[in-house]
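# Working through the structure, step by step
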Amino acid sequence: MKEDFLLQQLAQREAQHAFRRLRLPAPGSVDFCSNDYLGLAQSAAMQEGVHALLQARPYMHGSTGSRLLAGNYAWVEEAEEMLATFHQAKAGLIYNSGYDANLGLFSAVPQKGDTIIYDQLIHASIRDGIRLSRAQAFSFVHNDLEDLLKKLQHASGNIFVAVESVYSMDGDFAPLQEMAALCDQHGAHLIVDEAHATGVVGAKGEGLVQHLGLQDACFARVHTFGKAVGCHGAVVLGSPHLRDYLVNFSRSFIYTTALPPTSIAAIVASYELFPYMQAAREQLSALIIRFRKGVAGLSTIYSETPIQIVLTPGNEETRRIAISLQSAGLDVRPILHPTVPKGKERLRIVLHSFNTETEVDRLIKALAG
């Protein structure tokens, strides 16, 4: 079988110092790269909670089909009601992942003649959903309210504004209050991806939207469970009408096998834990402040979240520094072009509540050297 067309593209990636490889963390290295912000993915309490929930009711290891066929069961619907209640929404629909949720939402809801306006740093899953929709789409400059307003003034049809509450590659907040006001003035539907805010933003980790009291200003919210929640899956929150619409038209929901009860147990167990982990969130905030002070002399992007960015322009240079840190037992990963724009390559450093001050100080010293 001839695969020259594959080899050509792979060689180009190699030449750009952008070739991706799967790798395992070095044993004993300090985690500064995972999205397990509160340590729930490795938590004994989480494991015990999942075990107790599974023991309390009969379950199958598999879900046996899509939810429109054999894969629906009472527990997943109970979990959707629990999630909607916690996040102060009318209804919710669980998807197999955040990617599936964004793909299914944006490909199904906007129609021909509608307009999607999205932040230029929006996640790839939303971009892919937009590509599959029949709506026209325009980006606006990251977190730029003036540019958003310009786009709103020239939009037509049903208008959808897509943003993240916390941006995964910059770690900064969206100005949601101002964005919600603009959407209200122009009759636009605000959609907020809360992936990196869930669990860590707000008194109970409820996310930035609720923390600001904006839940009624959103057409839809997406909360994913693969970050601070420490498991897998996602939920789209909105009205009962939106839920019904997605069940009928969202292809990434309709044509996939449902999450099994073991996954639902993990989601429920986490939501029984993280709202009460205020001490862990306070520890995380203290480490963020400590890190920010320590790297004040470096080129960074301002962030109050666990995602901290040190800019290291150039793929080769960024990879070199990351390898040096990894050799020192600090698991920091490089973010290279084309994942980020050329010249904006960076070290994406993730802090966790289980990191220690000593570990953070080691990282600061290694970065300064």
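Residues numbered from 1 in each chain as written. Predicted model: local features only at pLDDT ≥ 70, side-chain atom pairs only at ≥ 80, totals over all residues. Heavy atoms only, no water.

## Some words on the overall build of the protein
Each helix and strand in the protein was counted, giving 14 helices and 13 strands. Relative to its length of 369 residues, the protein is compact, with a C-alpha radius of gyration of 21 Å against a globular reference of 21 Å. With the principal axes as the frame, the protein shows a C-alpha extent of 55 × 55 × 55 Å. When each of the 369 residues of the protein is scored for burial, the buried share is 52%. Residue pairs in contact within the protein that sit at least 24 positions apart in sequence constitute 71% of those at least 6 positions apart. About 17400 Å² of surface is accessible on the protein, with carbon and sulfur atoms providing 54% of the total. Here the protein holds 32 positive side-chain charges and 37 negative ones, and the gap between their average locations is 5 Å. (Helix = DSSP H or I, 4+ residues; strand = E, 2+ residues; numbered from the N terminus. Rg over C-alpha atoms; globule rule 2.2 N^0.38 Å. Buried < 20%, exposed > 50% of the residue type's maximum accessible area, 1.4 Å probe, protein only. Contact = heavy atoms within 4.5 Å. Areas by Shrake-Rupley, 256 points an atom, 1.4 Å probe, with all protein chains shown as cover. Lys, Arg positive; Asp, Glu negative; His and termini not counted. Charge placed at Lys NZ, Arg CZ, Asp CG, Glu CD.)

## Comments concerning the sheet that holds strand S2 (residues 91–95)
Spatial ordering of the open sheet is given by S2-S8-S7-S6-S5-S3-S4, a layout of 7 strands whose pairing is mixed. Sheet topology places S2 and strand S4 (136–140) at the edges, where each strand pairs with a single neighbour. Each strand of the sheet is rotated relative to its neighbour by a mean of 20°, with strand direction disregarded. Of the pairings in the sheet, the one linking strand S3 (residues 115–119) to S4 comprises 5 bridges and is parallel in character. Bridge pairing in S4 links Tyr118 to Ser139. (Pairing = 2+ DSSP bridges. Axes fitted to C-alpha atoms, helices over the stretch in contact; angles between N-to-C directions.)

## Some words on the sheet that holds strand S10 (residues 307–311)
The strand order across the open sheet formed by 4 strands is S9-S10-S13-S12, and the pairing between neighbours is antiparallel. For this open sheet the edge positions go to strand S9 (300–301) and strand S12 (333–335), each flanked by a neighbour on one side alone. Pairing of S12 with strand S13 (residues 346–350), which is carried by 3 bridges, proceeds in the antiparallel orientation. Counted as the bridge partner of Pro334 is Leu347 from S13. Across the sheet, helix H13 (residues 315–327) touches S12 and S13, and the angle it forms with S12 is around 165°.

## Let's talk about the layout of surface pockets
In this structure, the second largest pocket spans a volume of roughly 370 Å³. Phe173, Ser285, Ile288, Glu304 and Thr305 are the residues nearest the centre of the second largest pocket, which is lined by 19 residues in total. (1 Å grid on protein atoms, 1.4 Å probe; cavity = no way out; pocket = protein on both sides within 12 Å on 5 of 7 lines; lining within 4 Å. Points joined across faces, edges and corners; volume = space filled by probe spheres on them.)

## Structural notes on a nonpolar patch on the surface
A cluster of nonpolar residues, Phe5, Leu6, Leu7 and Leu10, forms a patch on the protein surface that exposes about 400 Å² of accessible area. Along the chain, the position of Leu10 falls in helix H1 (residues 4–15). (Patch = residues over 30% accessible without salt bridge, like charges linked within 9 Å, V, L, I, M, F, W, Y side chains within 5 Å. Salt bridge = Lys/Arg side-chain N within 4 Å of Asp/Glu carboxyl O.)

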